[in-house]
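Residues per chain are reported as follows:
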Amino acid sequence: MIPTFVIFPVLVACVLIASGALKLPQRSRTLQSFESFGVPAALRKPWTAVALPVGEIILGAALLLLSGSAYLVAAALSVLLMAAYLVAVARSVAKRQAVDCNCFGALSTEPVSQITIWRNAGLTLAALLALVLPWMWLGVPIQLALFSLSDWMWLLAVAVVAVIGIIANLVRTSAAPVTAASSDASGQDFELVEQGPDLISDPSARDQIPHNLELVSGDGSPELLYDLVVVPQKTTILIFARVGCGSCGPVLSQIGDWSRRLGDDAQIIVATSSSRASVKKSYPSALPHTYFGARAVTDFFDADATPAALLLAADGTIASAPEYGSEVITARVEQLVASFDAQRQAQPQG
């Protein structure tokens, strides 16, 4: 037996336990990441947001404590879980979606990237080695009991290096300069909703858009929201979203296509607290439709979660209350696109 092999199950177990413990208090973010990573709706339930981190903790403990066939089962499950994480991350990166990892709860707020892929690939490999290498079935306790003094010194050295690396990463994160994108973390992310409010079909029952609500265009000039809607005389879908909000990714990535399909019948305005640079980098197709400095507009419409969307009529009135969640917003936009398509087809050809 090569004593160094024990590092693989220990590494995977520690990652699983840390991931589960840090993820457990962040159930709403876990639900958000489920949607962002394309988890089927049937599994995006409050109980699964608890079951996943609890399962990670149990699986990590099993790798550390069990031996024999029970250890091999735990190791095989670890391989499957790590491989599933790797596939989910790789798909999101390939689609250029700015999805919050939520791998370690509140400690992992950055969007997934190539670095995340390499990290998950390494963990998947470690889990596989913990399953297939010789003597792994003995389990961690028995392997540690067989350690010599030199083996313990080697393990201590590895532990010290790992701790230094973790501390260095935390120091680098805490010392990072605060940018405009960091303000995106303020506010609450969406909670899954079953359905949104109906449109206010009676114009006399609608409230007017205040004439003093300002947004900032991409070139830095202030624009009144009322003018942005009334001057072009277009039905407007007002979307609140931000870079770094995982569930906003599927919405922001479709803004350009939605706008093209809506044509001259309607327009999309994205109101965000993110910086222009972050939107340009992550969602360039959404940039022409994006306005910044959205705090006042967000407060007025009580859009306290992202992504959110509401409908503004061409006469400058508010045609709906905010609705939340990328699936709900996507469904509403697709309904609007289909409605305008039907109207165009019904017009006599001349």
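First, a word on what this report is: a plain description of the structure on this page.

Conventions we followed
- Numbering of residues begins from 1 in every chain and follows the order in which that chain's sequence is written.
- Per-residue local features are limited, in this predicted model, to residues with pLDDT of at least 70; the limit for side-chain atom pairs, both in listing and counting, is 80 or more; totals at the level of whole chains, interfaces and linings are taken over all residues.
- For side-chain calculations, the full set of non-hydrogen atoms in the structure is used, while hydrogens and water are omitted.
- Salt bridge criterion: a side-chain nitrogen from Lys or Arg within 4 Å of a carboxyl oxygen from Asp or Glu.
- Numbering goes from the N terminus for both helices and strands, where a helix is a DSSP run of H or I of at least four residues and a strand is a run of E of at least two.
- Only protein chains enter the accessibility calculation, which uses a 1.4 Å probe. A residue is then buried if its area is under 20% of the maximum for its type, exposed if over 50%, and partly exposed in between.
- Any two of the Phe, Tyr and Trp rings considered here, Trp counted by its six-membered ring, make a pair once their centres fall within 6.5 Å; the pair's planes then place it as stacked at under 30 degrees, edge-to-face at over 60, or tilted in between.
- Here an angle of 0 to 180 degrees is reported between the N-to-C directions of two axes, which are lines fitted to C-alpha atoms, with helices fitted over the stretch in contact.
- Handedness of each helix crossing follows the sense of rotation of the near helix against the far helix: counterclockwise by less than a right angle gives left-handed, clockwise gives right-handed.
- Pairs of residues are marked as contacts when any of their non-hydrogen atoms sit within 4.5 Å.
- Polarity classes work like this: nonpolar for Ala, Val, Leu, Ile, Met, Phe, Trp, Tyr, Cys and Pro, charged for Asp, Glu, Lys and Arg, and polar for all others, with Gly in that last group.
- For two strands to be treated as a pair, DSSP must find no fewer than two bridges joining them.

With that settled, consider the pattern of salt bridges. Throughout the structure, instances matching the rule amount to 6 salt bridges. When the shortest N-O distance is used, the salt bridge between Arg 260 and Asp 257 registers 2.6 Å. You can see Arg 260 and its partner Asp 257 sitting in helix H10 (residues 255-262), 3 residues apart, about one turn around the helix. Taking the relative accessible area as the measure of exposure, Arg 260 reaches 58% and is therefore exposed. Between Arg 261 and Asp 257 there is a salt bridge whose closest N-O contact spans 3.5 Å. Taken together, the residues Arg 261 and Asp 257, both in helix H10 and 4 residues apart, mark about one turn of the helix. A relative accessible area of 28% places Arg 261 in the partly exposed class. Given a relative accessible area of 33%, Asp 257 falls into the partly exposed group. The network of salt bridges with common partners includes Asp 257, Arg 260, Arg 261 and Glu 334.

A complete count under the given rule lists 2 aromatic pairs for this structure. An angle of 55° between the planes, with centres 6.2 Å apart, marks the rings of Phe 240 and Phe 301 as tilted. Taken as a pair, Phe 240 in strand E4 (residues 235-240) and Phe 301 in the loop between helix H12 (295-300) and strand E7 (305-306) lie far apart in primary sequence, 61 residues in all. Grouping residues by exposure puts Phe 240 and Phe 301 together as buried. When the centroid spacing of 4.9 Å and the interplanar angle of 85° are considered together, the rings of Phe 300 and Phe 301 count as edge-to-face. What makes Phe 301 buried here is its relative accessible area of 7%.

Our next topic: the packing of helix H1 (residues 7-23) against helix H4 (residues 68-94). Close contact between H1 and H4 brings their axes to 11 Å; oriented N to C, the two are set at 60°. Handedness of the crossing formed by H1 with H4: left-handed. Of the residues in H4, those touching H1 at Pro 9, Val 12, Val 15, Leu 16 and Lys 23 are Tyr 71, Ser 78, Leu 81, Met 82 and Tyr 85. In terms of residue class, the contact of H1 with H4 is built from 8 nonpolar, 1 polar and 1 charged.

The element strand E8 (residues 308-312) is largely enclosed, with a buried count of 5 among its 5 residues. The side-chain alternation of E8 yields two buried faces, one formed by Ala 308, Leu 310 and Leu 312 and the other by Ala 309 and Leu 311. As judged from the 5 bridges shared by E4 and E8, these two strands associate in the antiparallel manner. Looking at E8, one finds that Ile 237 is bridged to Leu 311. Bridging between E8 and strand E9 (residues 323-324) involves 2 bridges; their strand directions are antiparallel. By the bridge assignment, Ala 308 is partnered in E9 with Tyr 324.

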